[in-house]
Amino acid sequence: MARGASASNLDAMSPSKHRWLAIAALTVIAAGSQLSPATARAELHNITYRARIDAVTTGSQATFVINGGQTNSTGLPTMPGNVFEADTVLPDPQQAGMQIVLHWPYSANVHCEIDVDDNVFAQVDQFVRTAPGNPGANNGVLQCGAPLPA
């Protein structure tokens, strides 16, 4: 016990002083909990993108969502049946999306798959056609999963 303090001094506190002391202590605890960093983090999901073109093509491309609403693009294999695969991590699997583009004069069966945490999340198998002289945004395009960010 500190010099000059005695148990009788603590016992002599009025009930209102006890109440204010308790309120002050709770206020300090509450304020301290607001200042400490949050320990909970958003759950991240492993995303795997797969694309396969079942025909000989050149210039085919896959564009897929990576993180923060950004996309990445890559050329696809020119030989039929070769699988392109890419991995990323996203906080929301609903953001996962990929677009596969074929260029004239090629048309082919295209397989697109998006796996989330090793489970198939989206899958599309479709014949994709290209048309000569059609500069439209959907000419030769297969969309899989979420639309790509603009």
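Presented here is an overview of the structure given in this document. (Residues numbered from 1 in each chain as written. Predicted model: local features only at pLDDT ≥ 70, side-chain atom pairs only at ≥ 80, totals over all residues. Heavy atoms only, no water.)

## Quick look at the overall build of the protein
Part 1: A tally of helices and strands in the protein yields two helices and eight strands.
Part 2: The order of helices and strands in the protein, counted from the N terminus, is α-α-β-β-β-β-β-β-β-β.
Part 3: Of all 150 residues assigned to the protein, the portion counted as buried reaches 28%.
Part 4: Taking the intrachain contacts of the protein between residues at least 6 apart in sequence as the baseline, contacts between residues at least 24 apart amount to 62%. (Helix = DSSP H or I, 4+ residues; strand = E, 2+ residues; numbered from the N terminus. Buried < 20%, exposed > 50% of the residue type's maximum accessible area, 1.4 Å probe, protein only. Contact = heavy atoms within 4.5 Å.)

## Quick word on the pattern of salt bridges
Any two side chains of opposite charge can pair, given that their charged atoms come close.
Part 1: For the structure shown, the criterion picks out four salt bridges.
Part 2: Residue Glu85 is joined to Arg50 by a salt bridge in which the shortest nitrogen-to-oxygen separation is 2.9 Å. Placement of the pair is Glu85 in strand β4 (residues 83-90) and Arg50 in strand β1 (residues 45-53), with a sequence separation of 35 residues.
Part 3: On the basis of relative accessible area, Arg50 is assigned to the partly exposed category, the value being 24%.
Part 4: The partner of Asp54 in a salt bridge is Arg52, and the shortest N-O contact between them spans 2.9 Å.
Part 5: Classification of Asp54 as partly exposed rests on a relative accessible area of 38%.
Part 6: Several salt bridges converge on common partners, so that one network encompasses Arg50, Glu85, Glu113 and Asp115. (Salt bridge = Lys/Arg side-chain N within 4 Å of Asp/Glu carboxyl O.)

## Some thoughts on empty space enclosed by the protein
Part 1: Per the counting criterion, the structure on display carries one cavity of 30 Å³ or more.
Part 2: Put simply, the largest cavity is a space of about 30 Å³.
Part 3: If you trace the largest cavity, you find it lined by Ala51, Arg52, Ile53, Leu76, Pro77, Asn82 and Phe84.
Part 4: Here the lining of the largest cavity gets three residues from one element, more than from any other, and that element is β1. (1 Å grid on protein atoms, 1.4 Å probe; cavity = no way out; pocket = protein on both sides within 12 Å on 5 of 7 lines; lining within 4 Å. Points joined across faces, edges and corners; volume = space filled by probe spheres on them.)

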